[in-house]
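Examination of the molecular architecture
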Amino acid sequence: DGYFDMVIIGERVFRFVFRDHLWDFGGYREIGNVPLQKISRVVLQADDIRTGWFESGPAEDRSALPDTWVWVRRNSRSWYLDPEKLTVFLETFNLSDRESLVLPETGR
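Just so it is clear, the model here is predicted, and its values are computed rather than measured.

All right, on to the side chain of Asp48 then. Residue position: Asp48 is located in helix α1 (residues 46-51). Of the side chains bearing the opposite charge, Arg50 lies closest to the buried Asp48, which forms no salt bridge; the N-O distance is 8.7 Å. For Asp48, the contacting residues outside a window of four places in its chain are Val43, Trp53, Phe54 and Trp69.

Right, let's get into the nonpolar core. Judged by nonpolar contacts, the single largest core of 17 residues is most densely connected at Phe4, Val7, Val72, Leu81, Phe89 and Leu103. Where this core is concerned, the elements lending two or more residues are β1 (6-9), β2 (12-17), β7 (70-74), β8 (77-81) and α2 (86-92). The element best represented in this core is α2, accounting for three residues. Formed by eleven residues, the second largest nonpolar core is a distinct cluster that contains Met6, Val13, Val42 and Leu44.

Bridge analysis of β1 against β2 gives four bridges, and the strand direction is antiparallel. Its bridge partner lying in β2, Ile8 is registered against Val13. In sequence, β1 turns back onto β2 through a hairpin of two residues, with Gly10 there showing a positive phi of about 65°. Where β2 meets strand β3 (residues 27-30), four bridges bridge the pair, whose relative direction is antiparallel. Looking at β3, one finds that Arg15 is bridged to Arg29.

Among the secondary structure elements, Gln45 is positioned in the loop between β4 (39-41) and α1. Separated by 19 residues in sequence, Gln45 and Ala64 have C-alpha atoms that sit 9.6 Å apart.

Time to look at the sheet that holds β7. Taken together, the six strands give an open sheet; going across it, the order is β3-β2-β1-β7-β8-β5, and neighbouring strands pair in antiparallel fashion. The open sheet has two edge strands, β3 and β5 (53-55), and neither has a second partner. Ignoring strand direction, the axes of neighbouring strands in this sheet form an average angle of 25°.

Reading the values: the criteria
Residues numbered from 1 in each chain as written. Predicted model: local features only at pLDDT ≥ 70, side-chain atom pairs only at ≥ 80, totals over all residues. Heavy atoms only, no water. Helix = DSSP H or I, 4+ residues; strand = E, 2+ residues; numbered from the N terminus. Buried < 20%, exposed > 50% of the residue type's maximum accessible area, 1.4 Å probe, protein only. Lys, Arg positive; Asp, Glu negative; His and termini not counted. Salt bridge = Lys/Arg side-chain N within 4 Å of Asp/Glu carboxyl O. Contact = heavy atoms within 4.5 Å. Core = buried A, V, L, I, M, F, W, Y, C linked by side-chain atoms within 4.5 Å. Pairing = 2+ DSSP bridges. Axes fitted to C-alpha atoms, helices over the stretch in contact; angles between N-to-C directions.

And the structure:
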């Protein structure tokens, strides 16, 4: 445990995979388009910006979101999240394995 099982950053989709063997790669793999059931539009409230996240499925229209926000899924729950608020998010939801609960590197 201690991971987001899926992350969407911009148009890039990542899935977390466990390492099965010593020579395997464990971590986030870019998997391209995934047929997720998407809501049509994100409605962002002022409180959501202050908090740094809100619960939501992935959206077709993300124009209301700041460019830096990412979509994350853990088990059956999903959020849009400001990466700069990741630590507070993890503490709020009492996610115990904070050291390994990270976002994929995208080079941006």
